[in-house]
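Okay, here's what each chain looks like letter by letter:
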Amino acid sequence: MPETRLDVLCIGNAIVDIIADCDDAFLAREGLTKGMMRLIDAEEATRLYDHMGPAREVSGGSAGNTAAGVAALGARAGFIGQVAPDQLGEFYRHDLTATGVEFVTPAADLGQPTARSMVLVTPDAHRTMNTFLGAAQLLPPEALDAAQIESAATLYLEGYLWDPEVPRAAMSRAIDIARAAGRKVAFTLSDTFCIDRHRDGFNALIDAGRIDTLFANEAEIRMLAGRDDCDAAIAAVQDKVETLVVTRSEQGAIAVQRGERATVAAEPVERVVDTTGAGDLFAAGFLAGQAQGRSLEESLRVGAIAAAEVISHYGARPEADLKALVAARLG
């Protein structure tokens, strides 16, 4: 098998997070309910963006966050996602590549601008999210770089992007390329709404042996397996994939790999500020740990360390030196 150039190549929604402070009066004027999350169209995205105050912009999206986390942990990361040839698309590429992630998917004018999620934060720390998916949901199979996929030890896919038909075809093609090259395929279920819409499709992927590593939280693995009990759900799925990783919030995480089972506690956090990106960074830590030759338990601990760091502040990107944190706790 040829040498790998990347440890993890992630495919997902390329979304710019636009984060701004506001007061309750602003939410009332805009007709927004505090703490809600909603999908909006291009017209509403432009209108709201024009009304927002000074904002901080960060390249986001679930798989993008995971790629940035992998790079922050010292592993070689890449990202595939669709942006438009506009200002936010240029920003997304610059910001993500500045973290050390390879992002070479060309921008394309597919009739939609670059995706963005406008996050309004009130003084009581509530986040009101307004997401326009735009070009991110239009990733076509022809945008894939087969050589890039073949060069990655693990292809990592986010369930969110499985929902629209066009990127689903791209992800299926990417799986074909990776498997033909003898590479590993990892998949995160992303959210229970994804499973509700695509449970049969996800199970078909798993039953066909097209997924090597599966990431889920407790609610997701129960829904996927059709079991009320988490342990029963894990038992139903664990032998269908090489590695199953299930996160359990403050109860830590469990992994089963070829019959070996490992459990870790959650890392201590002085104060949970924002859980956005916790699952994304946990996956980054686990995948980086595996790429670096760590044991199953140590890989889980790297994931827990990365997740604990990101929930201790606002935003889905690490602010502390993850490599230093891991070295201090694990060596």
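Residues numbered from 1 in each chain as written. Predicted model: local features only at pLDDT ≥ 70, side-chain atom pairs only at ≥ 80, totals over all residues. Heavy atoms only, no water.

Engineer: If you had to explain the overall build of the chain to someone new, which residues and values would you point to?
Structural biologist: Scanning the chain for helices and strands turns up twelve helices and 13 strands. Radius of gyration (C-alpha) of the chain: 19 Å, near the 20 Å computed for a compact globule of 331 residues. Every one of the 331 residues in the chain was classed for burial, and the buried ones make up 54%. Sequence-distant contacts, at least 24 apart, represent 73% of the contacts inside the chain between residues at least 6 apart. Surface summary for the chain: the accessible area is close to 13800 Å², and the carbon and sulfur share equals 48%. Distance between charge centres in the chain, computed from 30 positive and 48 negative side chains, equals 4 Å. (Helix = DSSP H or I, 4+ residues; strand = E, 2+ residues; numbered from the N terminus. Rg over C-alpha atoms; globule rule 2.2 N^0.38 Å. Buried < 20%, exposed > 50% of the residue type's maximum accessible area, 1.4 Å probe, protein only. Contact = heavy atoms within 4.5 Å. Areas by Shrake-Rupley, 256 points an atom, 1.4 Å probe, with all protein chains shown as cover. Lys, Arg positive; Asp, Glu negative; His and termini not counted. Charge placed at Lys NZ, Arg CZ, Asp CG, Glu CD.)

Engineer: An account of the nonpolar core is requested, with residue identities and associated values reported.
Structural biologist: Taken as a class, soluble globular proteins show a tendency for nonpolar side chains to be buried jointly. The biggest cluster of nonpolar side chains holds 59 residues, and the ones touching the most others in it are Met52, Phe79, Tyr92, Tyr156, Phe215 and Leu300. No other element matches the eight residues that helix 11 (residues 296-310) contributes to this core. If you look at the next biggest cluster of nonpolar residues, it comprises 42 residues, including Ala174, Ile175, Cys194 and Val241. (Core = buried A, V, L, I, M, F, W, Y, C linked by side-chain atoms within 4.5 Å.)

Engineer: Now, about the layout of surface pockets: what can you tell me, with residues and values included?
Structural biologist: If you add up the space inside the second largest pocket, you get close to 220 Å³. Lining the second largest pocket are 15 residues, with Thr154, Lys184, Thr213, Leu287 and Gln290 sitting closest to its centre. Looking at the lining of the second largest pocket, the elements that each hand over two or more residues are strand 1 (6-11), strand 8 (152-158), strand 9 (184-188) and helix 10 (278-291). Ranked by residue count, the leading element in the lining of the second largest pocket is helix 10, at four residues. Residue classes in the lining of the second largest pocket are distributed as six nonpolar, five polar and four charged. (1 Å grid on protein atoms, 1.4 Å probe; cavity = no way out; pocket = protein on both sides within 12 Å on 5 of 7 lines; lining within 4 Å. Points joined across faces, edges and corners; volume = space filled by probe spheres on them. Nonpolar A, V, L, I, M, F, W, Y, C, P; charged D, E, K, R; others polar.)

Engineer: Account for the pairing of strand 13 (residues 260-264), with residues named and values stated.
Structural biologist: Bridging between strand 12 (residues 253-257) and strand 13 involves five bridges; their strand directions are antiparallel. Looking at the pairing, Gln257 lines up with Glu260 of strand 13. Linking strand 12 back to strand 13 in an antiparallel pair, the connection comprises two residues, with Arg258 at a positive phi of about 50 degrees. (Pairing = 2+ DSSP bridges.)

Engineer: Give me the lowdown on the sheet that holds strand 3 (residues 37-39), citing residues and values where you can.
Structural biologist: The five strands are arranged 3-7-6-2-4 in an open sheet whose pairing can be described as mixed. Across the chains shown, the open sheet's two edge strands, defined by having one partner strand only, are strand 3 and strand 4 (55-60). Taken pair by pair, the neighbouring strands of this sheet meet at an average axis angle of 20 degrees, ignoring direction. Across seven bridges, strand 2 (residues 15-21) lies against strand 6 (residues 115-121) in parallel orientation. Residue Ile15 lies in a different strand from strand 6, and its bridge partner there is Ala115. Set on the sheet, helix 2 (residues 42-51) makes contact with strand 2, strand 3, strand 4, strand 6 and strand 7 (127-132); between it and strand 6 the angle comes to about 45 degrees. (Axes fitted to C-alpha atoms, helices over the stretch in contact; angles between N-to-C directions.)

Engineer: Residues and numbers for helix 8 (residues 218-225), please.
Structural biologist: Taken together, the buried positions of helix 8 are Glu218, Glu220, Ile221, Leu224 and Ala225. Here the buried residues of helix 8 occupy an arc of 165 degrees about the axis, which is enough to place them on one side. One side-chain oxygen of the residue at the start of helix 8 lies 3.2 Å from the amide nitrogen of Ala219, identifying that residue as Asn217. (Arc of directions from axis to C-beta. Polar contact = N/O pair within 3.5 Å; in protein donor to acceptor, adjacent residues only side chain to side chain.)

Engineer: With reference to specific residues and values, describe empty space enclosed by the protein.
Structural biologist: This structure, assessed with the given rule, holds one cavity of 30 Å³ or more. Put simply, the largest cavity is a space of about 30 Å³. Around the largest cavity, the lining residues are Phe187, Leu189, Phe202, Leu205, Ile206, Ile211 and Leu214. When residues in the lining of the largest cavity are grouped by element, the largest group, three residues, is from helix 7 (residues 192-207). Each residue belonging to the lining of the largest cavity can be placed in one class, and the counts come to seven nonpolar, no polar and no charged.

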